[in-house]
Amino acid sequence: MVSMDSKLEAAVGAKSAKALAGAFDLHTVGDLVRYFPRRYDERGQLTDIAGLEIGEHVTVMARVQSFNERRMRTRQGWIAEVAITDGSRTLDCTFFNQRGAKRALKPGISALFAGKVSRYRNKLQLTNPDYQLLDEESGDEDATVEKVEKFTGLIPVYPAAATIQSWQIGKCVRQALDMLAAIEDPMPAELRTRRGLADYDDAIRKIHTASEWPPVQAARERLKWDEAMAVQLALAQRRHRAIARPAPECARRDDGLRAAFDKRLPFTLTDGQQEVGEAVAADLELAHPMNRLLQGEVGSGKTIVALRAMLQVVDAGRQAALLAPTEVLAAQHARSLANMLGDLAIAGELGAPEESTRITLLTGSLPAKQRKQALLDAASGAAGIVVGTHALIQDTVQFADLGFVVVDEQHRFGVEQRDALRTRAGANVSPHVLVMTATPIPRTVAMTVYGDLETSALRELPKGRSPISTAVVPSAEKPAWLERAWQRVREEVAGGHQAYVVCPRIGDQDDVSDSDDGRRPPLAVLEVAEGLAEGPLRGLRLAVLHGRMPADDKDTVMRAFAAGEVDVLVATTVVEVGVDVPNATAMVIMDADRFGVSQLHQLRGRVGRGSAPGVCLLVTEMPSGTATRERLDAVASTLDGFELARVDLEMRREGDILGATQSGNRSALRLLSLLRDEEVIGEAREEAQELVARSPDLAEFPGLATMVASLVNDTKAEYLEKA
């Protein structure tokens, strides 16, 4: 017999244990039996081929539609081309020098096929996939063909890898379960009864071996609860500790700097700005840290909300810091804040009002003398508001009394970077934090669903802003559409407007890693700009902009574009934030499939900033029916940031809510969906709050404490604390 803590070798042997450890980081019997099936196939029901992703390792149940074998023209050997189908779509499988495939893969036969999805001649294919026939599909006389073990109903399909296939994983799991002693249930009996949950040992076994859907569904519901409870308990413990950790109380003043600024405002705040501003102001008055996300489209007025909050903090005798992702945007913020405040931002100078402060800019490229003065202003408290980039999180930067941190465009910063700035407030005090973004990244949305982040939204489109239409241009399938895209750019320029062309790579000396999935290297700015200047955009005034250019050259190009001296700017994502040219109405994003949803949404926000409507064209060679194309179609279908974040969650899986992965490649949540299981999450949150209130360290509930510890190791606990 083995236990959950036993090494895998004891249950499955050294060879399989090594493969499972190398491919999936599974080391104990508990790791293996908690490695749940991704889905279940039923005999006679084929896997939907639509939505396969290039580069993804897949396992599909399909029927052989055709088999053609021929000699290779360029070298010795044979090539077999097999078309498999799910009944509506087909997928090509190519076998090199596998003569046995002809005997096994007869047209009409069904089998499991496993391999990495690649592209050849703009069609998806599997090259030399592993395959396994269903038990009844081949006669016993064919002993050379590996077959799926006999199942009475459902066939569990596991996330697999090139080194170990789904059916091999299933065999290892069943081997381990046969040797595994009864598992103690970590959930208190009264909670299981109250929520109608299945027994843990039964659920672990049934999720792998049940032959019908009802026991599988009962097992999944129980195990979802375990995941939800583990995370909610960890978050509840974090909230319990946070309440005990002090934050600076920043009370509002009727006669302070914020009141003076409000009197001078040349416009009336929108209803949304007033509502969000009130919520933030109330948070700042509390003795525990604010942790709030402010979502609003570009230009919706987030900055004015943040500035009024910063002035409330300055009124309380403390400092505020604004962290921007680029030096261009940091400098723009500093100028913008200074312009809005006027003489209220010249404290210490002749003629400054009694109620005033000073704004200091701190970036990595400041000359030594200016940097020294900026550091002194922050450390002495002379600067009430400090604006900067990554330079603010360096150890050399000290604040006199940091009470509030504003993080702009948070998808450009990692949790570790934001945490480093928080520590500037002192070891025993946490500053209030406001994160501003136009598109929340998946992990942040996940934290929001889990209720650990308060959320505010400015949804009104600013006055004077025009709508943006977005379309996907499938250049490989319909080359004429790409030609039309360049015609559209010429039309916009002819109408007195300007355009952006965005590429994922600079070119020149940047590294390009070879792709083994049939994809060419990403398009580069320098190459695309040259091709456009000599081809479809000949005669227009083109300029290039990328992050490796000297700062003065970048500034010169941007000034020329803003002044209308450049028709088309060919750039990398350096234009993603902080670029405001109202006359720019068109954007063509090349290789749009290489960008994330949040990046596409941010880039799109650069056009339509004036009175003329904007157009954004997403150019891709990805075939229709792939998950990537679906993601691009989703971006084209909506301008709502929160909706796009939910789409991103659905398509990419949530980032590990308790770990350092940013977007879902390997999540600790195997079954729980942050979108589909919100009801379970909410109920688990209620239970967790009550349990932690009774026993903050879960000493009364050792099973739950162990469950949390298995999900939240030391590294993740530290990360969660910082998040």
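Residues numbered from 1 in each chain as written. Predicted model: local features only at pLDDT ≥ 70, side-chain atom pairs only at ≥ 80, totals over all residues. Heavy atoms only, no water.

Some words on the overall build of the protein chain
Now for step 1: Along the protein chain, the regular secondary structure elements total 24 helices and 21 strands.
Now for step 2: For the protein chain, buried positions account for 54% of its 723 residues.
Now for step 3: Counted over contacts in the protein chain with a minimum sequence separation of 6, partners at least 24 positions apart contribute 72%.
Now for step 4: In the structure as shown, the protein chain presents an accessible area of about 31,600 Å², 48% of it carried by carbon and sulfur atoms. (Helix = DSSP H or I, 4+ residues; strand = E, 2+ residues; numbered from the N terminus. Buried < 20%, exposed > 50% of the residue type's maximum accessible area, 1.4 Å probe, protein only. Contact = heavy atoms within 4.5 Å. Areas by Shrake-Rupley, 256 points an atom, 1.4 Å probe, with all protein chains shown as cover.)

Let's talk about the packing of helix α10 (residues 271-284) against helix α11 (residues 302-315)
Now for step 1: Following both chains from N to C, one finds α10 and α11 inclined at 30°, their axes separated by 10 Å at the closest point. Compared by their axis directions, α10 and α11 come out roughly parallel. In the packing of α10 onto α11, the handedness of the crossing is right-handed. Residues Gln273, Val276, Gly277, Val280, Ala281 and Leu284 of α10 form the contact with α11, whose own contacting residues are Ile304, Val305, Arg308, Ala309, Gln312 and Val313. (Axes fitted to C-alpha atoms, helices over the stretch in contact; angles between N-to-C directions. Parallel < 35°, antiparallel > 145°, perpendicular 65-115°, else oblique. Left-handed = near helix turned anticlockwise from the far one by under 90°.)

Description of the packing of helix α9 (residues 257-264) against α11
Now for step 1: Between α9 and α11, the least distance of the axes is 7 Å, while the angle of their chain directions is 145°. Along its contact with α9, which presents Leu257, Arg258, Phe261 and Asp262, the element α11 presents Ile304, Leu307, Arg308, Leu311, Gln312, Val314 and Asp315.
Now for step 2: Among the residues making up the contact of α9 with α11, the classes are represented as six nonpolar, one polar and four charged. (Nonpolar A, V, L, I, M, F, W, Y, C, P; charged D, E, K, R; others polar.)

Brief notes about the sheet that holds strand β11 (residues 359-362)
Now for step 1: Strand order in the open sheet made by the seven strands is β11-β12-β10-β13-β14-β9-β15, with parallel pairing throughout. Because the sheet does not close on itself, it has two edges, and the strands there are β11 and β15 (454-458). This sheet shows a mean twist of 20° between the axes of neighbouring strands, independent of strand direction.
Now for step 2: Note that β11 and strand β12 (residues 385-388) share four bridges and pair parallel. When the bridges of β12 are listed, Leu361 appears paired with Val387. (Pairing = 2+ DSSP bridges.)

So, the nonpolar core
Now for step 1: Of all hydrophobic cores here, the largest spans 37 residues; its most connected members are Met310, Ile385 and Phe404.
Now for step 2: Per-element tally for this core: the top contributor is α11, with nine residues.
Now for step 3: Beyond its immediate sequence surroundings of up to four residues, Met310 is in contact with Ala320, Leu322, Leu337, Ile385, Phe404 and Val406.
Now for step 4: By size, the runner-up hydrophobic cluster in this structure holds 36 residues, among which are Ala11, Ile164, Ile169 and Ala219. (Core = buried A, V, L, I, M, F, W, Y, C linked by side-chain atoms within 4.5 Å.)

A closer look at the pairing of strand β3 (residues 78-85)
In the case of a regular strand, side chains alternate between the two sheet surfaces.
Now for step 1: Of all eight residues that make up β3, six are buried, and the element is covered over most of its length.
Now for step 2: Pairing analysis gives eight bridges linking strand β2 (residues 57-71) to β3, with the strands arranged antiparallel. Paired with Arg70 across the bridge in β3 is Ile79.
Now for step 3: Looking at chain direction, β3 and strand β4 (residues 90-96) are connected through seven bridges and run antiparallel.

Considerations on unusual backbone geometry
Now for step 1: Although it is not a glycine, Asn97 adopts a positive phi angle of roughly 55°.
Now for step 2: Within the secondary structure layout, Asn97 lies in the loop between β4 and α4 (100-104).

Observations concerning the sheet that holds strand β21 (residues 614-620)
Now for step 1: Sheet architecture is open: six strands sit in the order β16-β21-β20-β17-β19-β18, paired in parallel fashion. If you trace the sheet from one side to the other, it starts and ends with β16 (468-474) and β18 (542-545), each paired once. Looking at each pair of strands side by side, their axes are set apart by 20° on average, direction ignored.
Now for step 2: In the sheet, strand β20 (residues 584-589) pairs with β21 via four bridges, with the strands oriented parallel. Paired with Ala586 across the two strands is Val615, which belongs to β21.

Examining the environment of Pro623
Now for step 1: Take Pro623: it is sitting in the loop between β21 and α20 (627-637).
Now for step 2: Between the C-alpha atoms of Pro623 and Glu477, which are 146 residues apart in sequence, the distance is 7.5 Å.
Now for step 3: Excluding residues that lie within four positions of it along the chain, Pro623 makes contacts with Ile54, Arg119, Asn122, Leu124, Glu477 and Arg629.

Quick look at empty space enclosed by the protein
Now for step 1: One pass over the full model with this rule turns up three cavities of 30 Å³ or more.
Now for step 2: Reported here for the second largest cavity is a volume of approximately 50 Å³. (1 Å grid on protein atoms, 1.4 Å probe; cavity = no way out; pocket = protein on both sides within 12 Å on 5 of 7 lines; lining within 4 Å. Points joined across faces, edges and corners; volume = space filled by probe spheres on them.)

Details of the environment of Leu293
Now for step 1: Along the chain, the position of Leu293 falls in strand β9 (residues 291-296).
Now for step 2: Residue Leu293 is classed as buried on the basis of its relative accessible area of 0%.
Now for step 3: Remark: the alpha-carbon pair of Leu293 and Val407, spanning 114 residues in sequence, is separated by 9.5 Å.

Observations regarding the pattern of salt bridges
Now for step 1: Under the defined criterion, the tally for this structure stands at 34 salt bridges.
Now for step 2: A single salt-bridge network, built from bridges that share partners, covers Arg194, Arg195, Glu683, Glu686 and Glu687. (Salt bridge = Lys/Arg side-chain N within 4 Å of Asp/Glu carboxyl O.)

Brief notes about the packing of aromatic side chains
Each pair of aromatic rings is reported with the distance of its centres and the angle of its planes.
Now for step 1: Evaluated as defined, the whole model comprises five aromatic pairs.
Now for step 2: By the ring-pair criterion, three or more aromatic residues cluster together here, those being Phe95, Phe113 and Tyr131.
Now for step 3: Directly above the ring of Phe96 sits Arg75, whose terminal nitrogen or CZ lies 5.6 Å from the centroid.
Now for step 4: The ring of Trp78 is capped by Arg99, whose NZ or CZ atom sits 4.1 Å from the centre of that ring. (Phe/Tyr/Trp six-rings, centres within 6.5 Å; stacked < 30°, edge-to-face > 60°. Lys NZ or Arg CZ within 6 Å of the ring centre and 35° of its normal.)

Comments concerning the confidence of the model for the protein chain
Now for step 1: Confidence in the prediction of the protein chain, expressed as mean pLDDT, is 85, and 86% of residues score 70 or more.
Now for step 2: For residues 139-146, every residue scores under 50 in pLDDT, and the model assigns this stretch ten contacts once sequence neighbours within four places are set aside.
Now for step 3: Note on residues 660-666: pLDDT is under 50 here. Beyond four places in sequence and across chains, it has 21 contacts. (pLDDT = per-residue confidence, 0-100.)

Points about α11
Now for step 1: Here α11 contains 14 residues, and its C-alpha end-to-end distance of 20 Å stays within 8% of the 20 Å for a straight helix at 1.5 Å per residue.
Now for step 2: Counting buried residues in α11 gives 13 out of 14 residues, a clear majority hidden from the surface.
Now for step 3: Where α11 terminates, the next one or two residues include Gly317, which has phi positive at roughly 85°. (Expected span 1.5 Å × (residues − 1).)

A look at the environment of Gly507
Now for step 1: Secondary-structure assignment places Gly507 in the loop between β17 (498-502) and α17 (525-534).
Now for step 2: Not counting residues within four places of it along the chain, the set of residues in contact with Gly507 comprises Ala524, Leu526 and Arg548.

Describing the side chain of Ser6
Now for step 1: Its location among the elements puts Ser6 in the segment before α1 (9-12).
Now for step 2: A distance of 2.9 Å separates the side chain of Ser6 from the backbone nitrogen of Ser3, its partner in a polar contact.
Now for step 3: Those residues in contact with Ser6 that lie beyond four places of it in its chain are His27, Thr28 and Val29. (Polar contact = N/O pair within 3.5 Å; in protein donor to acceptor, adjacent residues only side chain to side chain.)

Here's the deal with the pairing of strand β10 (residues 319-323)
Now for step 1: Most of β10 is tucked away, with five of its five residues classed as buried.
Now for step 2: What you see with β10 is no split at all: Gln319, Ala321 and Leu323 on one side and Ala320 and Leu322 on the other are buried throughout.
Now for step 3: As defined by bridge partners, β10 adjoins strand β13 (residues 402-408) across five bridges and the pair is classed as parallel. Within the sheet, the bridge partner assigned to Gln319 lies in β13 and is Leu402.
Now for step 4: Judged from the four bridges that link them, β10 and β12 form a sheet pairing that is parallel. Its bridge partner lying in β12, Leu323 is registered against Gly388.

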